[in-house]
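A structural walkthrough
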Amino acid sequence: MSNETPVTADAPDSPFRTTGTDHVTIWGSNEADTLAFYRDLLGMPLVLRQPNLDDPSQTHLFFDTGDGRILTVFVSDDRPSNRGQLRTQTGGVHHLCFAVDPEQYEDVMAALDEAGKGYNVFDRGIFHSLYTTDHNGLVVELTADKYDVPAERKGEVLATAQRIREEDGADYAQDEHLAAAIEELGIEAEKYDLPDADSGVGGVD
């Protein structure tokens, strides 16, 4: 089924279309630990604090992720942080992903080192990814673009890279497919200088 479904940047024939991501909300622990990770380490300003309108015994924190899109967290000071690893159930959130400036990628790694946060770095073919966990064990991915492609054309580039990698017989999109897509679409995009890293691909040749 998945191989028969067309991959395209064109809008589908649907009754309406979303216009972007407004916010994502996670069930958090307490305010202090939440601020320490998302505000003080990842640098997201706390832009709003108010009661959870569905359950006023909890506090609802709003963080600006960097482009005006919002991450919100329900917190309560009687909830300790979960220091273990989370197991994702069907319908659950596997991980959150936030973009970082490619030119600050090594600074990001240094900051995580200084904070005592473990992480893994992978070259995912179409972008560079760093994986760590927040104070509750939720996987947080920090991703850096490989090329300075305009945001409004990223979907078009990925859909074109998908077609090229299928024609190439590759199992997943790699850097050469991304570069070929950018060239085919006539986009002027500089490549960022990112550290060498393994793909981290498991079970895919």
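Before reading on, note that the structure itself is shown above.
First things first, this report covers the structure right here in the doc. Since we're looking at a predicted model, the values are computed, not measured. (Residues numbered from 1 in each chain as written. Predicted model: local features only at pLDDT ≥ 70, side-chain atom pairs only at ≥ 80, totals over all residues. Heavy atoms only, no water.)

**With respect to the sheet that holds strand 6 (residues 120-123)**
Cut-off, in case you're wondering: Two strands form a pair only when DSSP identifies at least two bridges running between them. Secondary structure elements follow DSSP: runs of H or I no shorter than four residues count as helices, runs of E no shorter than two count as strands, and numbering proceeds from the N terminus. Orientation is described by axes fitted as lines to C-alpha atoms, over the contacting stretch for helices, and by angles from 0 to 180 degrees between their N-to-C directions. Here a residue-residue contact requires only that any non-hydrogen atoms of the pair lie within 4.5 Å.
Here 4 strands make up an open sheet; going across it, the order is 5-8-7-6 and the pairing mixed. Each of the sheet's edge strands pairs with one partner strand only, and the pair in question is strand 5 (95-99) and strand 6. The average angle at which neighbouring strand axes cross in this sheet is 25°, direction not considered. Direction of pairing for strand 5 relative to strand 8 (residues 139-145): parallel, over a ladder of 5 bridges. Looking at strand 8, one finds that Ala99 is bridged to Thr143. Those strands touched by helix 2 (residues 105-114) are strand 6, strand 7 (127-133) and strand 8, and its axis lies near 10° from that of strand 7.

**Some details on the packing of aromatic side chains**
Rule in force here: Two rings from Phe, Tyr or Trp (for Trp, the six-membered ring) form a pair when their centres are within 6.5 Å of each other. A pair whose planes differ by under 30 degrees is stacked, one over 60 is edge-to-face, and the rest are tilted. Exposure categories follow from relative accessible area, calculated using a 1.4 Å probe and restricted to protein chains: below 20% of the type maximum is buried, above 50% is exposed, and the middle band is partly exposed.
Following the criterion strictly, the structure yields 4 aromatic pairs and no others. Residues Trp27 and Phe74 carry aromatic rings whose centres are separated by 6.2 Å and whose planes lie at 80° to one another, so their mutual orientation is edge-to-face. In this pair, Trp27 sits in strand 1 (residues 23-27) while Phe74 sits in strand 4 (residues 70-75), placing the two residues 47 residues apart along the sequence. By relative accessible area, which is 15% here, Phe74 ends up buried.

**Some words on the sheet that holds strand 3 (residues 55-64)**
Sheet strands associate in pairs through backbone hydrogen bonding, adopting either a parallel or an antiparallel arrangement. In space, the 4 strands of this open sheet follow the order 1-4-3-2, with mixed pairing throughout. Only two strands of the sheet have a single neighbouring strand rather than two, namely strand 1 and strand 2 (46-52). Put simply, the sheet's adjacent strands are angled 20° from each other on average, direction ignored. Direction of pairing for strand 3 relative to strand 4: antiparallel, over a ladder of 6 bridges.

**Re helix 4 (residues 175-184)**
Threshold: Here the arc refers to the directions that run from the helix axis out to each C-beta atom.
Of the positions making up helix 4, those classed as buried are Asp175, His177, Leu178, Ala181 and Ile182. In an axial view of helix 4, the angular spread of the buried residues amounts to 165°, which keeps them on one side of the axis. For helix 4, the secondary structure elements touched by its buried residues are helix 3 (154-168). Looking one or two places after helix 4, you find Gly186, whose phi comes out positive at around 70°.

**Remarks on the nonpolar core**
Applicable threshold: The set of buried Ala, Val, Leu, Ile, Met, Phe, Trp, Tyr and Cys residues whose side-chain atoms join them within 4.5 Å is what this entry labels a nonpolar core.
Counting residues in hydrophobic clusters, the biggest one holds 23 residues, and the most contacted among them are Tyr38, Phe98 and Leu142. Among the elements of the structure, helix 1 (31-39), strand 3, strand 4, strand 5, helix 2 and strand 8 are those that each provide at least two residues to this core. By residue number, the principal contributor to this core is helix 2, which donates 4 residues. Ignoring any residue separated from it by four or fewer positions in sequence, one finds Leu142 in contact with Leu42, Phe98, Val100, Tyr105, Val108, Leu112, His128, Ser129 and Leu130.

**Brief notes about the packing of helix 3 against helix 4**
Our working rule: In this scheme, roughly parallel covers angles under 35 degrees and roughly antiparallel covers those over 145, while 65 to 115 is roughly perpendicular and the rest are oblique. Put simply, a crossing is left-handed when the front helix is turned counterclockwise from the back one by less than a right angle, and right-handed when it is turned clockwise. Ten residue types, Ala, Val, Leu, Ile, Met, Phe, Trp, Tyr, Cys and Pro, are classed as nonpolar, four, Asp, Glu, Lys and Arg, as charged, and the remainder, Gly among them, as polar.
Following both chains from N to C, one finds helix 3 and helix 4 inclined at 120°, their axes separated by 8 Å at the closest point. Relative to helix 4, helix 3 is oriented oblique. Seen from above, helix 3 lies across helix 4 with right-handed handedness. Of helix 4, the residues touching helix 3 (which contributes Val157, Thr160, Ala161, Arg163, Ile164, Arg165 and Asp168) are His177, Leu178, Ala180, Ala181, Ile182 and Glu184. Residue classes in the contact of helix 3 with helix 4 are distributed as 7 nonpolar, 2 polar and 4 charged.

**Some details on the environment of Asn120**
With respect to the helices, strands and loops of the structure, Asn120 is situated in strand 6. Spatially, the C-alpha atoms of Asn120 and Ala32 are 26 Å apart, while their sequence positions differ by 88 residues.

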